[in-house]
Amino acid sequence: MSDQDRDGTSGALAPPTANKSAASEGDAARRIADLEQRLRDKETALRVANGKLTMALEIAKLSAWDRNLQTEEMTGSTSFKPSLGLEPDAILTHEQLEQMFHPADLERIRQAISFGVKTKTHFNVEHRFIKPDGRIVRVQVKGGAIYDENGEPAHLFGVFQDITERERIKEEINQAQKRQEFLLNLNDQLRSLDDPDAIMEATAQSLGRFLKVDCAGYGEVDETRGMILVEREWSKGVIGNEGRAYRLYDFLPTMMAELKQGRPIFVEDIRNDPRAENPAVQAAYSTINARSALAVPLHKDQKLTAILYMHSADPRAWSVDDLSLAEDVAERTWTAVEKARAEMGLRETDARFRLIAESLPALVWILNPRTELIYANERWVTYSGPSREDALGHSWMSAIHPDDMVRMNEELVPVVAQHTAYETEARYRSHEGVYRWHLIQGAPIHSSTGEFKGWVGTSVDIHDLKKTEEALRKSEEQLRLALQAAKMGDWSWDSITNLISQSDRACEIIGTPLGSRITPEELRRRTHPADLPRTIKAKEEAMKAWQPYSIQYRMRRFNDDAEVWIASQGQTTLAEDGTLVTSGIVQDITESKQAEERQHLLIRELHHRVKNTLATVQAIVGSTARTASSIDEFYQGFVGRIVSLARTHNLLTEDLWQKAALEVLVQTELGPYEDEARNRISIDGPHVELPSEAAVPIGMAIHELTTNAAKHGALSTFGGQVDVRWKIVQQERPMLHFTWVERGGPRVSTPTRQGFGSRLLQRVLATQLQADVSMEFLEEGFRFSMTLPIPNVPPLFNPNP
């Protein structure tokens, strides 16, 4: 095929030369158009690529840069200069850029670029950058060189990124990891300590070193005094201080108030702190060599409990992390200290428990929730026989009498299920094979969280008591039979008539006419108001349960209004006709009640007399020693007075119900206190025989007066005197006038409270003998007087024989 055919041009339409020229021009035009189109495509692709690059740089927060090594001009992406803190159209040379590098990083940057250019490799360097406003940021720069046809570097290009925030986050993560590691190590350290003071010191030391302060401490607050008491304080480079106390008001005027409100105290530089203008505050910080300080309060139960503090000799800006760490450590310290104290208290309590358990005259034991014996004192082991190890577990059950164990197994079912207390009596077998009765008492044990831990209890030997009780029951049965044989009145109540029929003896007892009948309401009106509710309740409960009742109550007799004690027994039955009938017996027990009262009085006097006797002996020793010139003389005098004291007791106890002479009573009590000069005791009065009902209370009164004089009055000092006088005045019936005067003793003052002796002098003499009693506590000496009728004295009694 010819060229013409290929071009599609017929030779008949144009000369050969013209055809060739037109074809060449057409080819050129097409090639130019093709090149222009390709250029446009390249430009479009370049714009797209630049757009993608710009977008990628923005997304990655990168800035592209270009350094012309010929002109040293720095150009870059639109974000390049603004990221450096410069205007977008600012002219920037490499020399100007280097002036913005941190001086400490400049040489390292130059070496990295030089090495990359020399080796024709990319360089990557991190360094600090100082912006025009003075802020220091950290950037990461990556780049490389473009070389000319001669292999010489013509341009340096690359990207850089502000990594300040990333580095800050990395630093925070690093610090958080360090703090976490610090807290874990602190926990391990605190777990190994059981002394509260050691825990405080370890905490202060660890925190002080971690935060690089000069001093740290943990103290407990005494709010009333505004002080913090520090058992241990750590200081850098020195041994921890012990037993320090700081007045919180000395360091800041509002420090205590802010801490009580739960706010921590920050002091970055005390010399520039407006709260510390007072020279005294500056002096307080200077004393502890502190410029900066941090104090963290710890509140428990809405009360300021403790403070964790630290300070440094240089100014310091305390961070939020510092505060957070200090608060965490303060809480951990308090928990560890309280736990250590609780464990220490538990150990002390356990030691005290074991000491008490081993010293008690009882079997002491502890059972776990499965009723297994986990502790037994030595007395248990000794009593039961097997070793301590063999005695544990359920072996205790085999030591109890089989009959009692059957009963206890039933009783223990609800106790074990409900974790309640338990009390019973059972027989324990000793290692000798002998069973003895024991009182078993157990109380449930719970932990501080309420968890049930078992029972702690004692088993007390009551075998002898049981024997006594058995004998007492037999005695009571015999007494019951004797009462049945005694003359008692009987009565009956009929529900139809609502009348109480009485025997003659019953009428005599309550003072109604013989053969009379009364209503229950009349009897209730005569019953003492204090006894009436109890009486009614006993009768009603007995009637509901169809059980007999036995009651004692006071009532006023119908005929003379005299108050008497009545013992009444009765039981309600159902008659054949369906009516209720209550029958019973009644007895006047006034004399027995009065005897009980006298017995109680005598028992109280016996207790009181024993104590007074000891004081009397002590006074006799002192009095004898002051006048004796030799051991033998002391012995003779002391023995004589003790014998005289014994005679007094014989007179008031063994001869209690016989007549006694008043002068003998006085002389017997005061005789031991007389000295050789016979000038301490003065006794004057006629011979008076007192019947037993007067001798006992008067003898008790003289004893009380003597004891009081020996302990506190004229007989307690050298030179004191007692003057006792009495006389008989014959009136309608003989009256005894008795006086007791003390002088020369200690200064007397009116007592602030009334003791048993005073109550005895005023109440017993007035009640039993209708005596008029007077006591005067004069400064120069105590004075006592009484006037009373002498009972059972013959009318022709001669007061002056």
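This text goes with the structure placed above it.
Residues numbered from 1 in each chain as written. Predicted model: local features only at pLDDT ≥ 70, side-chain atom pairs only at ≥ 80, totals over all residues. Heavy atoms only, no water.

Trainee: Let's hear about the overall build of the chain: which residues, and what values?
Mentor: In terms of helices and strands, the chain carries 22 helices and 29 strands. Looking at the chain alone, contacts between residues at least 24 apart form 51% of all its contacts between residues at least 6 apart. Roughly 46600 Å² of accessible area belongs to the chain as shown, and the carbon and sulfur atoms make up 54% of that amount. (Helix = DSSP H or I, 4+ residues; strand = E, 2+ residues; numbered from the N terminus. Contact = heavy atoms within 4.5 Å. Areas by Shrake-Rupley, 256 points an atom, 1.4 Å probe, with all protein chains shown as cover.)

Trainee: Residues and numbers for helix 10 (residues 320–359), please.
Mentor: Relative to the 58 Å expected for 40 residues at 1.5 Å per residue, helix 10 spans 58 Å between its end C-alpha atoms, a close match to the ideal helical length. Residues of helix 10 that are buried: D322, L323, L325, A326, V329, A330, T333, A336, V337, A340 and A357. (Expected span 1.5 Å × (residues − 1). Buried < 20%, exposed > 50% of the residue type's maximum accessible area, 1.4 Å probe, protein only.)

Trainee: Break down the packing of aromatic side chains for me, with residues and values.
Mentor: Per the stated rule, a full pass over the model turns up 12 aromatic pairs. Look at F182 and F210: their rings are 4.6 Å apart centre to centre, the planes differ by 20°, and that puts the pair in the stacked class. Of the two residues, F182 sits in helix 6 (residues 164–191) while F210 sits in helix 7 (residues 196–210), which places them 28 residues apart along the sequence. According to the relative accessible area criterion, F182 is buried, its value standing at 8%. When the ring of F452 is compared with that of W455, the centres are 4.9 Å apart and the planes differ by 75°; the resulting orientation is edge-to-face. For the pair F452 and W455, one class covers both residues: buried. (Phe/Tyr/Trp six-rings, centres within 6.5 Å; stacked < 30°, edge-to-face > 60°.)

Trainee: Account for the environment of R166, with residues named and values stated.
Mentor: The residue R166 is located in helix 6 in this model. Here R166 falls in the partly exposed class, since its relative accessible area comes to 36%. It is 9.3 Å that separates the C-alpha atoms of R166 and R138, two residues lying 28 residues apart in sequence. If sequence neighbours within four positions are ignored, R166 has contacts with E126 and Q140.

Trainee: Tell me what's going on with the sheet that holds strand 2 (residues 74–76), and back it up with residues and numbers.
Mentor: Spatial strand order, 2-1-5-4-3: five strands in an open sheet with antiparallel pairing. For this open sheet the edge positions go to strand 2 and strand 3 (123–130), each flanked by a neighbour on one side alone. Along the sheet, successive strands turn relative to each other by an average axial angle of 30°, direction set aside. Packed onto the sheet, helix 5 (residues 106–119) meets strand 3, strand 4 (136–147) and strand 5 (153–162) and runs at close to 155° relative to strand 3. Set on the sheet, helix 6 makes contact with strand 3, strand 4 and strand 5; between it and strand 4 the angle comes to about 125°. (Pairing = 2+ DSSP bridges. Axes fitted to C-alpha atoms, helices over the stretch in contact; angles between N-to-C directions.)

Trainee: How would you sum up the sheet that holds strand 26 (residues 721–730)? Please name residues and give values.
Mentor: If you trace the five strands from one edge of the open sheet to the other, you get 24-26-27-29-28, paired in mixed fashion. Strand pairing shows two members of the sheet lacking a second neighbour, strand 24 (681–684) and strand 28 (772–778), which therefore form its edges. With direction set aside, neighbouring strand axes in the sheet form an average angle of 10°.

Trainee: Talk me through the pattern of salt bridges; I want residue IDs and the actual numbers.
Mentor: Applying the stated rule across the entire model yields 35 salt bridges. A salt bridge links R370 to E372, with the shortest nitrogen-to-oxygen separation between them at 3.2 Å. By relative accessible area, which is 24% here, E372 ends up partly exposed. In this structure, R725 engages D684 in a salt bridge whose closest nitrogen and oxygen atoms are separated by 3.0 Å. Note that R725 is positioned in strand 26 and D684 in strand 24, a separation of 41 residues in sequence. Judged by relative accessible area, which is 43%, D684 ranks as partly exposed. Sharing partners across several salt bridges, the network here consists of D404, R407, E411 and R427. (Salt bridge = Lys/Arg side-chain N within 4 Å of Asp/Glu carboxyl O.)

Trainee: Could you give an account of the pairing of strand 13 (residues 373–376), with specific residues and numbers?
Mentor: Where strand 12 (residues 363–367) meets strand 13, three bridges bridge the pair, whose relative direction is antiparallel. Residue pairing in the sheet places W365 in a bridge with A376 of strand 13. Hairpin connection between strand 12 and strand 13: a loop of five residues separates the two successive antiparallel strands, and T371 in this loop has a positive phi of roughly 60°.

Trainee: Before we move on, could you go through the nonpolar core and cite the residues and values that matter?
Mentor: With 36 residues, the main nonpolar core has L662, I698, F738, W740 and F784 as its most contacted residues. Those elements that place two or more of their residues in this core are helix 20 (662–670), helix 21 (692–711), strand 26, strand 27 (734–743), helix 22 (756–769) and strand 29 (781–789). When residues of this core are assigned to their parent elements, the largest contribution, eight residues, is made by helix 21. When near neighbours in sequence (up to four residues on either side) are disregarded, F784 contacts L705, F738, T739, W740, L761, L765, V773, S774 and M775. (Core = buried A, V, L, I, M, F, W, Y, C linked by side-chain atoms within 4.5 Å.)

Trainee: Tell me about the pairing of strand 29, and please be specific about residues and values.
Mentor: On a regular strand, one side chain projects to one face of the sheet and the next to the other, so that they alternate. Two elements, strand 27 and strand 29, share seven bridges in a ladder whose sense is antiparallel. Counterpart to M735 in the pairing with strand 29 is P789. Sheet analysis places strand 28 next to strand 29, joined by seven bridges and oriented antiparallel. By the bridge assignment for strand 29, M775 is matched with F784. The antiparallel pairing of strand 28 with strand 29 creates a hairpin that spans two residues between the two strands.

Trainee: Please provide a residue-by-residue account of the packing of helix 6 against helix 10, values included.
Mentor: Viewed as axis vectors pointing N to C, helix 6 and helix 10 meet at an angle of 15°, and their least axial separation amounts to 11 Å. Classified by the angle their axes make, helix 6 and helix 10 are roughly parallel. For the crossing formed where helix 6 meets helix 10, the hand is right-handed. Of the residues in helix 10, those touching helix 6 at R179, F182, L183, L186, N187 and L190 are D321, L325, D328, V329, R332 and A336. Across the contact of helix 6 with helix 10, the residue classes break down as seven nonpolar, one polar and four charged. (Parallel < 35°, antiparallel > 145°, perpendicular 65-115°, else oblique. Left-handed = near helix turned anticlockwise from the far one by under 90°. Nonpolar A, V, L, I, M, F, W, Y, C, P; charged D, E, K, R; others polar.)

Trainee: Could you give an account of the packing of helix 7 against helix 10, naming the residues involved and the relevant values?
Mentor: Remark: helix 7 packs on helix 10, axes separated minimally by 9 Å, with the N-to-C direction vectors making an angle of 165°. Relative to helix 10, the element helix 7 is oriented roughly antiparallel. Crossing of helix 7 over helix 10 shows right-handed handedness. Here helix 7 contributes P196, I199, M200, T203, L207 and F210 to the contact with helix 10, which in turn contributes L325, A326, V329, T333, A336, V337, A340, R341 and M344. Residue composition of the contact of helix 7 with helix 10, by class: 12 nonpolar, two polar and one charged.

Trainee: Which residues make up unusual backbone geometry, and what values do they have?
Mentor: Of note, K212 is a non-glycine position whose phi angle comes to about 55°, a positive value. With respect to the helices and strands, the residue K212 is situated in the loop between helix 7 and strand 6 (215–222). According to the relative accessible area criterion, K212 is exposed, its value standing at 67%. Even without glycine at this site, H419 takes up a positive phi of about 60°.

Trainee: So what about helix 6? Which residues, and what values?
Mentor: Compared with the 40 Å implied by 1.5 Å per residue over 28 residues, the 40 Å span of helix 6 between its first and last C-alpha is a close match. As for helix 6, its buried residues are in contact with strand 3, strand 4, helix 7 and helix 10.

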